[in-house]
Amino acid sequence: MGIWQLDHIRIVLVEPAGPLNVGAAARVMKNMGLRQLVLVNPQCDPASEEAQRMAVHGGDVLAAATTVLSLPEAIEGCERAIATTGRLHRQDQPLELPETALPWLLPPTPVKSFAAALIFGPEDRGLSNDELIYAQRWVRIPASDSYPSLNLAQAVAVCAYLLHRVAMAEALGAAFPAVGVAATTGHLAPLEQIEGFYQDLEIVLLKIGYLYPHTAASRMAKLRRLLHRAGPDRQELAMLRGVLRQINWAASQAPKND
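Note that the coordinates shown come from a computational prediction; the quantities given were computed from them, not determined experimentally. (Residues numbered from 1 in each chain as written. Predicted model: local features only at pLDDT ≥ 70, side-chain atom pairs only at ≥ 80, totals over all residues. Heavy atoms only, no water.)

A. Up close: the overall build of the chain. When helices and strands are tallied, the chain shows ten helices and seven strands. For the chain, the C-alpha radius of gyration of 20 Å lies close to 18 Å, the compact-globule estimate for 258 residues. Expressed along its principal axes, the backbone C-alpha trace of the chain runs to roughly 70 × 40 × 35 Å. Burial statistics for the chain: of 258 residues in total, 45% are counted as buried. The contacts of the chain with a sequence gap of at least 6 include a subset with a gap of at least 24, amounting to 84%. Working note: accessible area of the chain is about 13,600 Å², and carbon and sulfur atoms make up 54% of it. Charged side chains of the chain number 23 positive and 25 negative; the gap between the two group centres comes to 5 Å. (Helix = DSSP H or I, 4+ residues; strand = E, 2+ residues; numbered from the N terminus. Rg over C-alpha atoms; globule rule 2.2 N^0.38 Å. Buried < 20%, exposed > 50% of the residue type's maximum accessible area, 1.4 Å probe, protein only. Contact = heavy atoms within 4.5 Å. Areas by Shrake-Rupley, 256 points an atom, 1.4 Å probe, with all protein chains shown as cover. Lys, Arg positive; Asp, Glu negative; His and termini not counted. Charge placed at Lys NZ, Arg CZ, Asp CG, Glu CD.)

B. Quick look at the environment of Ile82. One can find Ile82 in strand β4 (residues 80-84). Judged by relative accessible area, Ile82 falls into the buried class, the value being 0%. Sequence spacing of Ile82 and Gly126 is 44 residues, and the spatial spacing of their C-alpha atoms is 14 Å. Not counting residues up to four positions away in its chain, the partners in contact with Ile82 are Ala101, Leu102, Trp104, Leu105, Ala117, Leu118, Ile119, Ala135, Arg137 and Val139.

C. Quick look at unusual backbone geometry. Positive phi is not limited to glycine here, since Glu15 has a value of about 50°. Structurally, Glu15 can be placed in the loop between β1 (9-14) and α1 (19-31). Residue Asn41 is not a glycine yet carries a positive backbone phi of 45°. Asn41 gets classed as partly exposed once you look at its relative accessible area, which sits at 30%.

D. The arrangement of helix α7 (residues 152-171) in detail. Taking 1.5 Å per residue as the helical rise, α7 with its 20 residues ought to reach 28 Å, and the 28 Å between its terminal C-alpha atoms agrees with that figure. Of all the residues in α7, the buried ones are Leu152, Ala153, Ala155, Val156, Cys159, Ala160, Leu162, Leu163, His164, Val166, Ala167 and Ala169. Packed against the buried residues of α7 are β1, α1, β4, α5 (98-101) and β6 (116-120). The residue sitting at the N-terminus of α7 and contributing the capping side-chain oxygen is Asn151; that oxygen lies 2.9 Å from the backbone nitrogen of Ala153. (Expected span 1.5 Å × (residues − 1). Polar contact = N/O pair within 3.5 Å; in protein donor to acceptor, adjacent residues only side chain to side chain.)

E. Fine view of the pattern of salt bridges. According to the stated counting rule, one finds eight salt bridges in the structure shown. The salt bridge involving Arg224 is made with Glu195; its shortest N-O contact spans 2.7 Å. With Arg224 in helix α9 (residues 216-230) and Glu195 in helix α8 (residues 191-207), the pair connects residues that are 29 residues apart, well separated along the chain. Here Arg224 matches Glu195 in class, with each residue buried. Of the charged contacts, one joins Arg241 and Asp200 as a salt bridge, the two residues approaching to 2.3 Å between their closest N and O atoms. Here Arg241, found in helix α10 (residues 234-253), pairs with Asp200, found in helix α8; they are 41 residues apart in sequence, far enough to count as distant. Three or more residues joined by partner-sharing salt bridges are found here, namely Glu15, Arg125 and Glu131. (Salt bridge = Lys/Arg side-chain N within 4 Å of Asp/Glu carboxyl O.)

F. View of the packing of aromatic side chains. For the structure on display, the rule yields one aromatic pair. Seen from their ring centres, Phe197 and Tyr198 are 6.2 Å apart, and the 55° between their planes marks the pair as tilted. Pair check on accessibility: Phe197 and Tyr198 agree, each one buried. The ring of Tyr134 is capped by Arg224, whose NZ or CZ atom sits 5.9 Å from the centre of that ring. (Phe/Tyr/Trp six-rings, centres within 6.5 Å; stacked < 30°, edge-to-face > 60°. Lys NZ or Arg CZ within 6 Å of the ring centre and 35° of its normal.)

In structure tokens, the structure reads:
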């Protein structure tokens, strides 16, 4: 039985190194009703015999996988993105439980244009801080302290199961008991537009002296988290870009100090 919400979710694997993991991810996606697999700069051949053998009846998901060069390209057109991480970070961004955050990826009403992404990092290092900042929310799968690192395909399986369970519960009109965050009902601005805003914001803040080159990255990471929490739609983001344009114009009109 197909569940329409799952058709809107991309499973994004960043630089996967093992063809067995890619094949196993495709297999469990098929098991759980997920169809969109995106590979960012894969370090293995997803069409190899190993990957196909591991995919079993998920071979169609594997064959339809999209390969891109960068993470921003993988999430282009998405309104929502969640990144997975196995590490504890010394940043202000909270790490959420999968069962709390993942339901947010499901569209609240039947729509055609909605897209969301669930991002997984490479097997040997996970997602870097520079990669994590592209997602609005971060999740960490709780595991034993003695061995907390999950295999890539295992992590995909845990998250895919939870997504399927939530979507199935909604289809049957039942409540998912572990959901702690209500879904946003409106459309958020696409992530690539938000990324463009961040780039413009950094340029303007450097220009007016609020940011300095040596601390810009850490300050911008905090501003990203703030805006991600706000969840602006297209109109709100357009308003913010208008503010930036006016600030940029005013800064250009200011008298220069000799």
